[in-house]
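# Tertiary structure, described
What follows is the residue order along each chain.
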Amino acid sequence: MSNGQWYPPEWPDRIRALAAGTLTPATPRRAATVMLLRDASPDGTEVHMLRRRASMAFAAGAYAYPGGGVDPRDDDRQVRWAGPARQEWAERLGVPEKDAQAIVCAAVRETFEEAGVLLAGPTPDTVVDDTTGERWQADRQALIDRDLSFAEFLEARGLVLRSDLLAAWARWITPEFEPRRYDTWFFAAALPAGQRTSDDSSEADRTVWIRPERAVAAYDRGELTMMPPTVATLRTLAEHSRVRDALDGSTRRDLTPVLAQAHLADGELVLSWPGHDEFTKHIPTAGGAGR
């Protein structure tokens, strides 16, 4: 393999089964992931990434951003909310209003769970400046264990969710042949002043702040393993030299879902992601490694 593309060995057989009509696609689960950004000296932007533990069922060993599935409890319970109205988020994300709240909640909650960074504050125009300490850690663990819903956490802490600190960036759906599928919205957010990322994620064995262009260069050399959505979003992040530029430019980003397609051509199964030719794979119908 010439780069670090995450490519499970079972994919060819599953793609053949899907093409033959013997594999029923799983329903994708709603999910959110956040690209935490900070300005680096002397210039440029850094993004926070984590390497998924080898024991993880999905994308083990791959570098990714903090993120995860939506908690259904965030669908119908109102939370204190700052920033664009839920209806505005629904229009931007292309979903019903209750789904928009749950997706935004998932983005903020997962960032807190996996990175220790919280996009919330005591008032609509403030953000907490320190999430260290035993009580914060206890709350993080309760959220991870699902003993506490995010709405309950915000209410108990008297916090307002700062949806205005999030910028919608992209949307990718896991291919139909994958057993675990996610409909994932990618967001960007600046690291709040005073807060720092944690390196004790239960799902990661390494965390790093890295320039997007350096991350994709390492991927191109085969040194970092990543999934196509991660590589694609890193390449677009690399176009912005400052965090503010990236966040301001997010309003122009297309959120049309990217879903991999597989078809038979010239004796090969061709796997492609529309608009992202670099990830195209050619898989022999009779087996073999492909290219």
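As the structure is a prediction and not an experimental result, all values here were calculated from the model.

Right, let's talk about helix H6 (residues 212–220) for a bit. All of the buried residues along H6 are Pro212, Ala215, Val216, Ala218 and Tyr219. The buried side chains of H6 occupy one side of the element, clustering within an arc of 155 degrees when seen end-on. Phi turns positive one or two residues past the end of H6, at Gly222, with a value near 80 degrees.

On to the sheet that holds strand S6 (residues 120–121). The three strands are arranged S5-S7-S6 in an open sheet whose pairing can be described as mixed. Edge positions in the sheet fall to strand S5 (81–82) and S6, since each of these pairs with one other strand and no more. Here two bridges tie S5 to strand S7 (residues 160–162), and the two strands are oriented parallel to one another. Its bridge partner lying in S7, Ala82 is registered against Arg162.

Pairing of strand S13 (residues 268–273) with strand S14 (residues 276–284) involves five bridges; the strand directions are antiparallel. When the sheet's bridge partners are listed, Glu268 is paired in S14 with Pro284. Where S13 hands over to S14, the hairpin turn is made up of two residues, of which Gly275 adopts a positive phi near 85 degrees.

A separate point is the side chain of Ser272. If you trace the backbone, Ser272 turns up in strand S13. When sequence neighbours within four positions are dropped, the list of residues in contact with Ser272 reads Leu259, Ala260, Gln261 and Thr280.

This part takes up helix H4 (residues 134–144). All buried positions along H4 are accounted for by Trp136, Asp139, Arg140, Ala142 and Leu143. Here the buried residues of H4 occupy an arc of 165 degrees about the axis, which is enough to place them on one side. Turning to H4, the residues buried within the fold contact helix H3 (97–115) and helix H5 (150–157).

Under the counting rule described, the total for this entry stands at eight aromatic pairs. Where Trp136 meets Phe153, the ring centres are 6.3 Å apart and the plane angle is 70 degrees; that geometry is what we call edge-to-face. Within this pair, whereas Trp136 is found in helix H4, its partner Phe153 is found in helix H5, the two being separated by 17 residues in sequence. Phe153 matches Trp136 in its accessibility class, with the two residues each being buried. Members of the aromatic cluster, each reached through a chain of ring pairs, are Phe112, Trp136, Phe150 and Phe153. Its guanidinium or amino end placed over the ring of Trp136, Arg157 lies 3.6 Å from that ring's centre, counting from NZ or CZ.

The subject of this paragraph is the pattern of salt bridges. Evaluation of the coordinates by the stated rule reveals 20 salt bridges. For the salt bridge of Arg51 with Asp205, the shortest nitrogen-to-oxygen distance reads 2.8 Å. Linking Arg51 in strand S2 (residues 45–52) with Asp205 in strand S10 (residues 204–210), this pair joins segments that are 154 residues apart in sequence. Its relative accessible area of 29% is what places Arg51 among the partly exposed residues. Residue classification places Asp205 among the partly exposed positions, given a relative accessible area of 40%. Glu223 is the salt-bridge partner of Arg221, the closest N and O atoms lying 3.0 Å from each other. Each of Asp74, Arg109, Glu110, Glu113 and Arg146 takes part in salt bridges that share partners, so that together they form one network.

Moving on, we get to the confidence of the model for the protein chain. Across the protein chain, the average pLDDT comes to 89, with 92% of residues at or above 70. The secondary-structure element of the protein chain with the lowest mean pLDDT is strand S12 (residues 261–265), recorded at 79, while S6 shows the highest, at 98.

This part covers the side chain of Gln195. Here Gln195 lies in the loop between strand S9 (182–190) and S10. By relative accessible area, Gln195 is classed as buried at 6%. Each residue touching Gln195, except ones within four places of it in the same chain, is listed here: Gly116, Val117, Leu118, Val127, Val128, Asp129, Asp130 and Thr131.

Criteria and cut-off values
Residues numbered from 1 in each chain as written. Predicted model: local features only at pLDDT ≥ 70, side-chain atom pairs only at ≥ 80, totals over all residues. Heavy atoms only, no water. Buried < 20%, exposed > 50% of the residue type's maximum accessible area, 1.4 Å probe, protein only. Helix = DSSP H or I, 4+ residues; strand = E, 2+ residues; numbered from the N terminus. Arc of directions from axis to C-beta. Pairing = 2+ DSSP bridges. Contact = heavy atoms within 4.5 Å. Phe/Tyr/Trp six-rings, centres within 6.5 Å; stacked < 30°, edge-to-face > 60°. Lys NZ or Arg CZ within 6 Å of the ring centre and 35° of its normal. Salt bridge = Lys/Arg side-chain N within 4 Å of Asp/Glu carboxyl O. pLDDT = per-residue confidence, 0-100.

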